[in-house]
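# Structural features, examined
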Amino acid sequence: MRLAKDKVVFNMSGKNEPVLTVDSGSTVVFETMDCFSNTVKSSEDVVSSIDFSKVNPATGPLFVKGAQPGDTLKVTINKITLEKTGVVVTAPGLGMLSDRIEKEETVICDIHDDSVTYKGLTLPLKKMIGVIGTAAPGEGVNTGTPHDHGGNMDCLRVTEGATLYLPVNVEGALLAMGDMHAAMGDGEIMGSGLEVAGEIEVTVDVVKQFNFPTPLIETDDLWVTLGSRETMEDASQVAIDNMVELITQSSSLTMNQAGMLLSLAGDLHTCQVVNPNKTMRMELSKKILQ
Ligand code: CA
Ligand code: CA
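Residues numbered from 1 in each chain as written. Chains lettered and ligands numbered in written order. Predicted model: local features only at pLDDT ≥ 70, side-chain atom pairs only at ≥ 80, totals over all residues. Heavy atoms only, no water.

## Side note on the overall build of the protein
Within the protein, the secondary structure is distributed over 2 helices and 22 strands. Here the C-alpha radius of gyration of the protein, 18 Å, is about what a compact globule of 290 residues would show, namely 19 Å. Once the C-alpha set of the protein is aligned to its principal axes, its extents read approximately 60 × 45 × 35 Å. Burial statistics for the protein: of 290 residues in total, 53% are counted as buried. Taking the contacts inside the protein whose residues are at least 6 apart along the sequence as the reference set, 75% of them involve residues at least 24 apart. As displayed, the protein offers around 12,800 Å² of accessible surface, 50% of which is attributable to carbon and sulfur atoms. Counting 22 positive and 39 negative side-chain charges, the protein places the centres of these two groups 3 Å from one another. (Helix = DSSP H or I, 4+ residues; strand = E, 2+ residues; numbered from the N terminus. Rg over C-alpha atoms; globule rule 2.2 N^0.38 Å. Buried < 20%, exposed > 50% of the residue type's maximum accessible area, 1.4 Å probe, protein only. Contact = heavy atoms within 4.5 Å. Areas by Shrake-Rupley, 256 points an atom, 1.4 Å probe, with all protein chains shown as cover. Lys, Arg positive; Asp, Glu negative; His and termini not counted. Charge placed at Lys NZ, Arg CZ, Asp CG, Glu CD.)

## Thoughts on the nonpolar core
Formed by 44 residues in total, the largest nonpolar core has its most connected members in L62, L73, V75, I129, I132, L175 and V204. For this core, the leading source of residues is strand β7 (residues 72-82), giving 5 residues. Residue contacts for I129: discarding those within four places in its chain leaves I77, I80, C155, V158, M177, G178, D179, M180 and I200. (Core = buried A, V, L, I, M, F, W, Y, C linked by side-chain atoms within 4.5 Å.)

## Thoughts on the coordination of the calcium ion (ligand 2)
Distances from the calcium ion (ligand 2) to its protein donors, D179 (OD), D179 (OD), H181 (NE2), E195 (OE) and E195 (OE), fall at 2.2 to 3.2 Å. By relative accessible area, D179 is classed as buried at 3%. (Donors = N, O, S within 2.8 Å, 3.2 Å for Na, K, Ca; no water.)

## Structural notes on unusual backbone geometry
Here the bond from G60 into P61 is cis, since omega is 5°, no more than 30 degrees from zero. Tracing the chain through its elements places P61 in strand β6 (residues 58-64). Positive phi, close to 55°, is recorded for S37, a residue that is not glycine. Non-glycine residue D179 carries a positive phi angle of around 55°. Residue placement: D179 occurs in strand β16 (residues 175-181).

## Considering helix α1 (residues 232-250)
With 19 residues, α1 ought to run about 27 Å at 1.5 Å a step, and its terminal C-alpha atoms sit 27 Å apart, in line with that. Burial in α1 covers these residues: A235, S236, V238, A239, N242, M243, V244, L246 and I247. Among the structural elements, β19 (216-218), β20 (222-229), α2 (255-265), β21 (267-272) and β22 (278-285) are those in contact with the buried residues of α1. (Expected span 1.5 Å × (residues − 1).)

## Some words on the coordination of the calcium ion (ligand 1)
For the calcium ion (ligand 1), the protein coordination sphere consists of N152 (OD1), D154 (OD), D154 (OD) and D179 (OD), at 2.3 to 2.5 Å. Binding-site remark: the calcium ion (ligand 1) is held by donors from one chain whose sequence spacing is N-x1-D-x24-D. For the pair the calcium ion (ligand 1) and the calcium ion (ligand 2), the metal-to-metal distance amounts to 3.4 Å, and D179 bridges them. Residue classification places D154 among the buried residues on the basis of a relative accessible area of 2%.

## Description of the pairing of β7
On a regular strand, each side chain points to the face opposite its neighbour's, so the side chains alternate between the two faces of the sheet. Examined bridge by bridge, β7 and strand β15 (residues 163-167) share 5 bridges and lie antiparallel to one another. The residue of β15 that forms the bridge with K74 is Y165. Looking at chain direction, β7 and strand β18 (residues 198-207) are connected through 10 bridges and run antiparallel. Its bridge partner lying in β18, L82 is registered against G198. (Pairing = 2+ DSSP bridges.)

## Here we look at α2
For α2, the full list of buried residues reads A258, L261 and L262. Along the long axis of α2, the arc covered by the buried residues comes to 95°, so they all point the same way. Away from its buried face by more than 90 degrees, α2 exposes N256, M260, S263 and L264. If you follow the buried residues of α2, they end up packed against α1 and β22. (Arc of directions from axis to C-beta.)

## Section: the pattern of salt bridges
In this structure the tally under the stated criterion is 12 salt bridges. Measuring nitrogen to oxygen at the nearest pair gives 3.3 Å for the salt bridge that ties E160 to K127. In this pair, E160 sits in the loop between β14 (150-152) and β15 while K127 sits in the loop between β11 (121-124) and β12 (128-133), placing the two residues 33 residues apart along the sequence. Among the residues examined, E160 registers a relative accessible area of 33% and is labelled partly exposed. K127 gets classed as partly exposed once you look at its relative accessible area, which sits at 23%. (Salt bridge = Lys/Arg side-chain N within 4 Å of Asp/Glu carboxyl O.)

Just geometry here; none of it tells us what the structure is for.
This is the structure:
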């Protein structure tokens, strides 16, 4: 089963009509455009030429049968396939150097099996999904903004082999995703990753006995809780509170003791500091807590 790349939403809302309806346990391929709806083709295509009404398309939504508000949607990311070139952009007003940037610039980069080429430099390939989420409650949330439903989290742990647990806020969950990157550093400081189109194969499962308030990631080695709020401090608090909750629910440790454990062995990292809400993540090794 496959969702075509022209079936997109720009708001993660319960009002969106599903593009496809599947049973829990199904494997589905999402074709995704890059965050500029594939309109940036050369270094001549600079930010001022971009149609901002078409930024951050998310393919979907997918309706998963049986998913009810209060459930969790388990999204296993089986495989990510990227196109052979990606784009990174900058312009005055964007990112952490915004008021020092005098001139717009777009760089096209080649993507190889394990690396990308940027201005003659070789960087590691880091495939990741920037925007992924369920429908947010109420009026929904635009696809440029991350919050408790997921959305534009730009977390490099959301990658091939990882499992993402998302809260279900509306019947069917309404999963959508896009904005893949071939490379991005923690922070995404200029506001652009190596933006690229491609395909994502996921398996979706409705989990009934597990209710978690924000996105949670499981990798081979790590538990990762995410927080997205207006400031890095508030986002950190959400990620930390939810990791403490996960530890106290799944071990005999008290809140005090879970906090001390994270102080000793947990890592607080930045996902991104450039979107309308900032995203932070708390990580704990699965060697410490299974
Ligand atoms: Ca993004
Ligand atoms: Ca992006």
